[in-house]
Amino acid sequence: MDSATSQHILLFSVRQEDSASRSALDSFSSAFPGGSTQELGMSHWIETFAVCLPRSATFPFLCVLSWAPALSFSICLSSLSGDVNLWYCGFNTVEDCGYKRLTGTASFSLEHAGHSSQTGPRFDHSTGIPSGTYISVESSRETAASSTNVLRQAYIESELFEPANAYCVMFWYSMRGVDVVRLDVNIRIGGGTGYPVWTKQGDQKADWLLGQVDLDSEYTANPFKVDFVAYTNAYREYNYYATDHYNYYKTAADIGIDDVYVYNTTCANIPKCPASSVKHTINNVTSCYTFHATPMTWKAAYDFCRREGPNSGLVSIETQQEQDFLVSVITNDPALTAVGQHGFYTSGSDAASEHQFVWTDTGSARGINWAGGWHAGQPNNVGGNQNCLLMEYPSDGYKWGDIECDSTHPFICEVYY
């Protein structure tokens, strides 16, 4: 299903053969013209249903269904209601989610994290692990296109967006290397090269930074597309005596893009946290958590969390206080307690270096400084492929264990500010 759909999609987890909750779902969906309930599958005695509602549907409540105690939301509607939609892309392929490369004098390509240790980001932003992907103009690959020091451009363009009063474009970008030139965001209305609305120049040093631009009716009154334009002046000169007969110049420059969010509203109208989230503040840092009962693989769970907003990812547990808070939410909710017997995924991973677990929610790996969450004997990497961190042991306060990342489990998303 496309990121921008004509429906609201809500996922629910129901205990198997719980006819009362299934009937409640049917009643809920039938209250809206065109609404329907679809069964998606079952895992660990929990059945998953999708409730599909027309995009015009509005909701006087969010994530509260007291008449069905065995029912648990896996995703709750954003506080953005009515006809406000999100178009998200995490770039699993170079031309993903309707984005297309345009003909230019350089080109975007799909990169894996760690491709260029001195220039490009160490990891992608979506998952923060070596197998993650993002799109990039990698300057050392562009030298064959030029034998002189000239500026060249690479273009990637979004699908067509329909008119609205305003739009907000948010995206994560990386510009590392002493030879970085420029990244632009242009708005294309009809033909031409587009209108620049955002630009950044030079080495930004950090792995990933969040870019943001508001588009008013001057740009959004007509159908438009969003273009990302990356510039490079890398080139090579022939040298018979060089190892491969060339000298290379201006190659210390990679420009990467990942996790693009387009909303048909203003940036100010996008809440920091999902409306369904549970808030908790530690040392002046507020975290917003959403708990999801539908079992997913680690990567699928990460993708799900990223779609909750540009600062959302799988949870990272930094202190005993934070662990205790999460456990209290789970144990005080009968539905979460039921699915919690199979553990909850976090952002922890040692995919980059075995036995060196890190938090990956920001796209830049952070060491796990508080190790008190591990269950005795964990992590143990049984089978040699347990690279993901799970809140695994309910009988021991949901202490952690390592688990195969392709196994399916409930999960917790977190936004903090």
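Once a new chain begins, its residue numbering starts again from 1 and follows that chain's sequence as written. In view of the model being predicted, local features appear only for residues whose pLDDT reaches at least 70, and side-chain atom pairs are presented and counted only at 80 or more, with totals across whole chains, interfaces and linings using the full set of residues. In computing side-chain values, all of the structure's heavy atoms are included and hydrogens and water are not.

### A look at the pairing of strand 19 (residues 285–296)
We count it as follows: When a residue's accessible area, from a 1.4 Å probe over protein chains only, is under 20% of the maximum for its type it is buried; when over 50% it is exposed; and in between it is partly exposed. By the criteria applied, helices consist of DSSP H or I runs no shorter than four residues and strands consist of E runs no shorter than two, each listed in order from the N terminus. Two strands form a pair only when DSSP identifies at least two bridges running between them.
Most of strand 19 sits out of view: 11 of its 12 residues are buried. Sheet analysis places strand 18 (residues 278–282) next to strand 19, joined by 5 bridges and oriented antiparallel. Directly across from Thr-281, in strand 19, lies its bridge partner Thr-286. Taking the residues that link successive antiparallel strands as the turn, the strand 18-strand 19 hairpin has 2 residues, and the phi of Asn-283 there is positive, at about 50°. Alignment of strand 19 against strand 26 (residues 409–416), held across 7 bridges, turns out to be antiparallel. Within strand 26, the residue paired with Thr-290 across the bridge is Cys-413.

### Points about the pattern of salt bridges
The criterion, for reference: Salt bridges are defined by distance alone: a side-chain nitrogen of Lys or Arg within 4 Å of a carboxyl oxygen of Asp or Glu.
This model, assessed by the stated rule, comprises 11 salt bridges. With a closest N to O distance of 3.5 Å, Asp-207 and Arg-176 form a salt bridge. With Asp-207 in the loop between strand 12 (195–201) and strand 13 (209–215) and Arg-176 in strand 10 (residues 167–176), the pair connects residues that are 31 residues apart, well separated along the chain. Arg-176 shares its class with Asp-207; the two are buried. Residues Arg-307 and Asp-303 are paired through a salt bridge, measuring 2.8 Å at the closest nitrogen-oxygen approach. Residue class for Arg-307 comes out partly exposed when judged on its relative accessible area of 36%. Here the salt bridges do not stand alone but share partners, grouping Glu-157, Arg-188, Lys-225 and Asp-227 into one network.

### Here's the deal with a nonpolar patch on the surface
Inclusion rule: Two distance rules govern patches: like charges are joined within 9 Å, and nonpolar side chains (Val, Leu, Ile, Met, Phe, Trp, Tyr) within 5 Å, applied only to residues with over 30% relative accessible area and no salt bridge. A 1.4 Å probe and the Shrake-Rupley method give the accessible areas. Residues count as covered only by the protein chains that appear here.
Where nonpolar side chains cluster on the molecular surface, the patch consists of Tyr-238, Tyr-240 and Tyr-241 and spans about 480 Å² of accessible area. The residue Tyr-240 is located in the loop between strand 15 (235–238) and strand 16 (246–249) in this model. On the accessibility criterion, Tyr-240 (52% relative accessible area) is exposed.

### Overview of the state of the cysteines
By definition, a disulfide links the sulfur atoms of two cysteine residues through a covalent bond. As a reminder of what qualifies: Any cysteine sulfur atom paired with another within 2.5 Å is treated as part of a disulfide.
Tallied over the full model, the rule gives 5 disulfides. A sulfur-sulfur distance of 2.0 Å marks the disulfide that ties Cys-273 to Cys-288. Of note, the bridge from Cys-273 to Cys-288 carries an S-S torsion of about 55° and is right-handed in sense. Of this pair, Cys-273 sits in the loop between strand 17 (254–263) and strand 18 while Cys-288 sits in strand 19, placing them 15 residues apart in sequence. Both residues of the pair, Cys-273 and Cys-288, count as buried. A disulfide bridge connects Cys-305 with Cys-413, and the sulfur atoms are separated by 2.0 Å. On the S-S bond that ties Cys-305 to Cys-413, the torsion sits near -80°, and the link is left-handed.

Bear in mind that shape data such as this cannot, by itself, settle questions of function.
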